[in-house]
2 protein chains.
Amino acid sequence: MHLTFRDAVRKDLPRIVELLAADSLGAGRETTDLAPYEAAFALVDADPANELVVGVLDGRVVATMQLTFVPTVSRGGTLRMIVEAVRVDEALRGRGGGTQLMAEAHRRGRDRGARLAQLTSDKSRADAHRFYRRLGYAQSHEGFKLEL
Amino acid sequence: MHLTFRDAVRKDLPRIVELLAADSLGAGRETTDLAPYEAAFALVDADPANELVVGVLDGRVVATMQLTFVPTVSRGGTLRMIVEAVRVDEALRGRGGGTQLMAEAHRRGRDRGARLAQLTSDKSRADAHRFYRRLGYAQSHEGFKLEL
């Protein structure tokens, strides 16, 4: 199985939302009304610091992630890449799609001069944690969220 | 003790780097050469998605943090605010400066329409974790980092 990757376009949006919602945690957080997603997509799409990526197999979107490039003063002025909203079609789990998706993230990061990739994963996602550790990630931080 | 807050300007940079380095973890990550920080500051300063903030007491910078606003398609198209590189002068710990700094972060986040604040903190910083929980943050995620 070999995915190809490209920047998402507007017509990918329903499928991206489907992937975000097809998940035990995501199901409770996403809605069926596309309007708020379209407004958000327009912002992401217009922002050079953000890349919404899709992975395609046989013409179908089967994976997605968002990359955000953040210039920071800390760590000697490191450009960081934040990886968010990583999803792979459940039907394709365990076939290397996630590994290919993250390799694409790291390639894009290095191309832009990022020296650090960082991500958070819900504490209940033990499989995802093993996956990231296997890719070489250090599970070094606690992640906190607050609704504003 | 009452801090005032403003966006950082270029001449705050040496003091910001001092605050970043005055820390058991930061000490090994920061350098004394200001050049890379100046380049990074120029990027942060030019980017409307990023706010480098300083807290001032009696004319002296005693606290800093970086806020990054990230439009996302997930969670119904939520604008997220990421809080990074939070530091308060050690001499002022326990006097409410951190609480005032985070209140400023949340005020700025709400002003820009962010509905979620998120941050990560090194697993060794137990005091910081208690502080964030006390502010209402859910310690819900594992944080991963990979050098690229």
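Structural data are supplied above this passage.
What comes next is a walk through the structure. (Residues numbered from 1 in each chain as written. Chains lettered and ligands numbered in written order. Predicted model: local features only at pLDDT ≥ 70, side-chain atom pairs only at ≥ 80, totals over all residues. Heavy atoms only, no water.)

**Structural notes on the interface of chain B and chain A**
By a frequent convention, interface size equals the accessible area lost on bringing the separate parts together. Taken residue by residue, the interface counts 60 residues in chain B and 60 residues in chain A. Summed over both partners, the interface of chain B with chain A comes to about 5400 Å²; 62% of that surface belongs to carbon and sulfur atoms. If you look at where chain B meets chain A, you find 4 salt bridges. Of the charged contacts, one joins B:E84 and A:R80 as a salt bridge, the two residues approaching to 3.1 Å between their closest N and O atoms. Where chain B meets chain A, there are 28 residue pairs in polar contact (both at pLDDT 80 or more). The dominant element in the side of chain B that touches chain A, judged by the number of residues it contributes, is strand β6 (residues 138-147) of chain B, at 10 residues. (Contact = heavy atoms within 4.5 Å. Buried area = accessible area lost by both parts, 1.4 Å probe. Salt bridge = Lys/Arg side-chain N within 4 Å of Asp/Glu carboxyl O. Polar contact = N/O pair within 3.5 Å; in protein donor to acceptor, adjacent residues only side chain to side chain. Helix = DSSP H or I, 4+ residues; strand = E, 2+ residues; numbered from the N terminus.)

**A look at the nonpolar core**
Core analysis: the largest hydrophobic core is formed by 26 residues, its most contacted members being B:L67, B:M81, B:V83, B:Y132 and B:Y137. For this core, the elements supplying multiple residues, two or more each, are β6 (138-147) of chain A together with β2 (50-57), β3 (60-71), β4 (79-88), α4 (97-111), β5 (116-122) and α5 (126-134) of chain B. Of the residues forming this core, the biggest block, 5 residues, is contributed by β3(B). B:Y132 has contacts with A:F144, B:V86, B:M102, B:L119, B:S121 and B:Y137, leaving out every residue within four places of it along the chain. (Core = buried A, V, L, I, M, F, W, Y, C linked by side-chain atoms within 4.5 Å. Buried < 20%, exposed > 50% of the residue type's maximum accessible area, 1.4 Å probe, protein only.)

**So, the packing of aromatic side chains**
Applying the stated rule across the entire model yields 6 aromatic pairs over all chains. Measuring from ring centre to ring centre gives 5.5 Å for A:Y132 and B:F144, while their planes differ by 50 degrees; the resulting arrangement is tilted. Pair noted here: A:Y132 is in helix α5 (residues 126-134) and B:F144 is in strand β6, and the two residues belong to different chains. The exposure class assigned to A:Y132 is buried, which follows from its relative accessible area of 7%. Each member of the aromatic cluster is reached from another via a ring pair, and the members are A:F131, A:Y132, A:Y137 and B:F144. A cation over an aromatic ring shows up here: A:R112 above the ring of A:F69, its NZ or CZ 4.1 Å from the ring centre. (Phe/Tyr/Trp six-rings, centres within 6.5 Å; stacked < 30°, edge-to-face > 60°. Lys NZ or Arg CZ within 6 Å of the ring centre and 35° of its normal.)

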